[in-house]
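Examination of the molecular architecture
Listed below, chain by chain, are the residues.
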Amino acid sequence: MRKIINRYLFKEVAQAWLGVTLILLAILVTNQFAKILGDASSGNLSGNVIAELLLYSSIEYLTILLPLSSFLAILLVFGRLYKDSEMAAIMASGIGPVSLYRPLILPTLLLAFVLGVISSYLAPDARKNMDFSRQNALLNLGIDFLEPGRFVTLNNGSVMYSEDRLENDQLINVFVQQEIKNNVNVIVSETAKILNNPNSGNVLVFYNGYRYEGKPGDLDFRILEFSEHQLPLSMRTDQDKKIDLSSEQLSSLLQKNSLEAMAEVQWRISPAIALIILVFLAIPLSKSSPRDSRYTGLILGILIYMIYANCLGAARVWYEQGVTPEIYGLWWVHVTALILGMFMLLINYKFFQRMLLRRK
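The numbering scheme is per chain: residues are counted from 1 as the chain's sequence reads. It should be noted that, the model being predicted, local features are given only for residues of pLDDT at least 70 and side-chain atom pairs only at 80 or more, the latter also being counted only at that level, while totals for whole chains, interfaces and linings use all residues. To get the side-chain values, all heavy atoms of the structure are used, and hydrogens and water are removed first.

**A look at the nonpolar core**
- Phe71, Ile74, Phe78, Leu100, Leu281, Ile283 and Tyr308 are the most contacted members of the largest nonpolar core, which has 51 residues in total.
- Helix and strand assignments come from DSSP, with helices taken as H or I runs of at least 4 residues and strands as E runs of at least 2, each series counted from the N terminus. Within the residue set of this core, elements represented by two or more residues are helix H1 (2–41), helix H2 (50–83), helix H3 (86–92), helix H4 (102–139), helix H6 (259–286), helix H7 (296–321) and helix H8 (331–348).
- Here this core gets 12 residues from one element, more than from any other, and that element is H6.
- The contacts of Leu281, once residues within four sequence positions are left out, are Phe71, Ile304, Ala337, Leu340, Gly341 and Met344.
- We define a nonpolar core as any set of buried Ala, Val, Leu, Ile, Met, Phe, Trp, Tyr and Cys residues linked to one another through side-chain atoms lying within 4.5 Å. The cut-offs for exposure are 20% and 50% of the maximum accessible area for each residue type, with area from a 1.4 Å probe on protein chains only; residues under the lower value are buried, those over the upper are exposed, and the others partly exposed. Among the nonpolar cores identified, the runner-up in size contains 13 residues, and Val152, Ile187, Phe206 and Leu231 belong to it. Two residues qualify as a contact provided that any one of their heavy atoms is within 4.5 Å of a heavy atom in the partner residue.

Shown next, in the form of structure tokens:
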């Protein structure tokens, strides 16, 4: 009987977990797709990197989705079991409160291990590759983005308009406006073409035109006539710029003796720890009477999850700024959530009442 109940609970939770994970992932990926598509339509990204960016975004989203989907799946399944009085029948067959965790222990530990690998290794690599793909796409904008007959905003902030495009990818009757501090530069030329410059990426080359420089409202404008003029489509990033810690390898972070690096290490480990604690919290949170709404525990659970996640974010900032002692780190948030779960479990199953009755 116990094995049958364990298989039943595992099957119900697994199905709910899969459904919740796929739905949340679809929502986040769709939102990211709309954002990437907006960048592509405005000329800031090329279409061939959209699928690549979506893949990297999905990997990064898993660090958030897996703890949340596991938490919600248990709340939904156990909430339904309490609502339909199935849990009462399970309890009557000799299954105690602690035994409810038994079918979830091994899957939770396995999922926590996978999540730890994703958050510690795969997600940082995905974040780094995503940044590289964006920068590479910005440095290699093609002629297809400069659609004739409409104003196009380039990555360097310039606004461009061309009347038509010839078969040799040459633009004709080109207008470009560029704002530099309080001055405005306007370029008009008969033709223009994109060329690749090894030092600055793609550049837009204007032929036979004029350049007007000045401040709006003033009559003192500088007018330059040229036969050829170049304008970089994007500025190449500084190769010596400090790499974001969120994209560095875990081994590199462990070698750094700084609060920011240690905070990043603990932040990467936190999703796996949070998943285990949330699974532990979910069972006492899901307990309700058949007269209660099925979603009573779900609403409270979402509120607790939001507080938990926000406290982790605040604890990271405080740790980086040196407000909290190094020994506390982000661990105090996990310990507090674990103590809360233990307290709720004891309250829900009348542990303290039984202790008082025994003393009497």
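**Some details on the packing of H6 against H7**
- The geometry of H6 relative to H7 is characterised by a closest axis approach of 10 Å and an angle of 165° between their N-to-C directions. It follows that H6 is roughly antiparallel to H7 by the angle criterion. The way H6 lies across H7 gives a crossing that is right-handed.
- Under the grouping applied here, Gly and all other residues not named as nonpolar or charged are polar, the nonpolar ones being Ala, Val, Leu, Ile, Met, Phe, Trp, Tyr, Cys and Pro and the charged ones Asp, Glu, Lys and Arg. Residue composition of the contact of H6 with H7, grouped by class: 15 nonpolar, five polar and four charged. Each axis is a line fitted through C-alpha atoms, and for a helix only the stretch in contact is used; angles between axes span 0 to 180 degrees, taken between their N-to-C directions. For classification purposes, an angle smaller than 35 degrees is called roughly parallel, one larger than 145 roughly antiparallel, one from 65 to 115 roughly perpendicular, and anything else oblique. Crossing handedness: left-handed means the near helix sits turned counterclockwise from the far one by under a right angle, and right-handed means the same turn made clockwise.

**Notes on the environment of Phe151**
- Structurally, Phe151 is set in the loop between H4 and strand E1 (152–153).
- Taking relative accessible area as the criterion, Phe151 reaches 53% and is therefore assigned exposed.
- Measuring from C-alpha to C-alpha, the distance between Phe151 and Val176 comes to 9.2 Å, with 25 residues separating the pair along the chain.
- Dropping the residues within four chain positions of it, Phe151 is found in contact with Val159, Met160, Tyr161 and Phe175.

**Concerning the packing of aromatic side chains**
- Stacked, edge-to-face and tilted are the three classes for Phe, Tyr and Trp ring pairs, Trp counted by its six-membered ring, which pair at centre distances within 6.5 Å; planes under 30 degrees apart are stacked, over 60 edge-to-face, the rest tilted. Enumeration over the complete set of coordinates arrives at three aromatic pairs.
- Centroid distance Trp318 to Trp332: 6.4 Å. Interplanar angle 10°. Geometry classified as stacked. Of this pair, Trp318 sits in helix H7 while Trp332 is found in helix H8, placing the two residues 14 residues apart along the sequence.
- Relative accessible area serves as the criterion here: at 36%, Trp318 is assigned to the partly exposed category.

**Observations concerning the pattern of salt bridges**
- When a carboxyl oxygen of Asp or Glu is within 4 Å of a side-chain nitrogen of Lys or Arg, the pair counts as a salt bridge. Applying the stated criterion to the full structure yields 10 salt bridges.
- With a closest N to O distance of 3.6 Å, Arg222 and Glu213 form a salt bridge.
- For Glu320, the salt bridge identified is with Arg316, shortest N-O distance 3.3 Å. Here the residue Glu320 and the residue Arg316 both occupy positions in helix H7, the gap between them amounting to four residues, near one helical turn.
- Where salt bridges share partners, they join Glu12, Arg80, Asp84 and Glu86 into one cluster.

**Topic: H7**
- Here H7 spans 38 Å end to end across 26 residues, near enough to the 38 Å set by a 1.5 Å rise per residue.
- Those residues of H7 that sit buried are Gly297, Leu298, Gly301, Ile304, Tyr305, Tyr308, Leu312, Ala315, Arg316 and Tyr319.
- Looking at the buried positions of H7, the neighbouring elements they touch are H2, H6 and H8.
- At the C-terminal side of H7, Gly322 shows a positive phi close to 80°. Take the number of residues in a helix, subtract one, and multiply by 1.5 Å to get its expected span.

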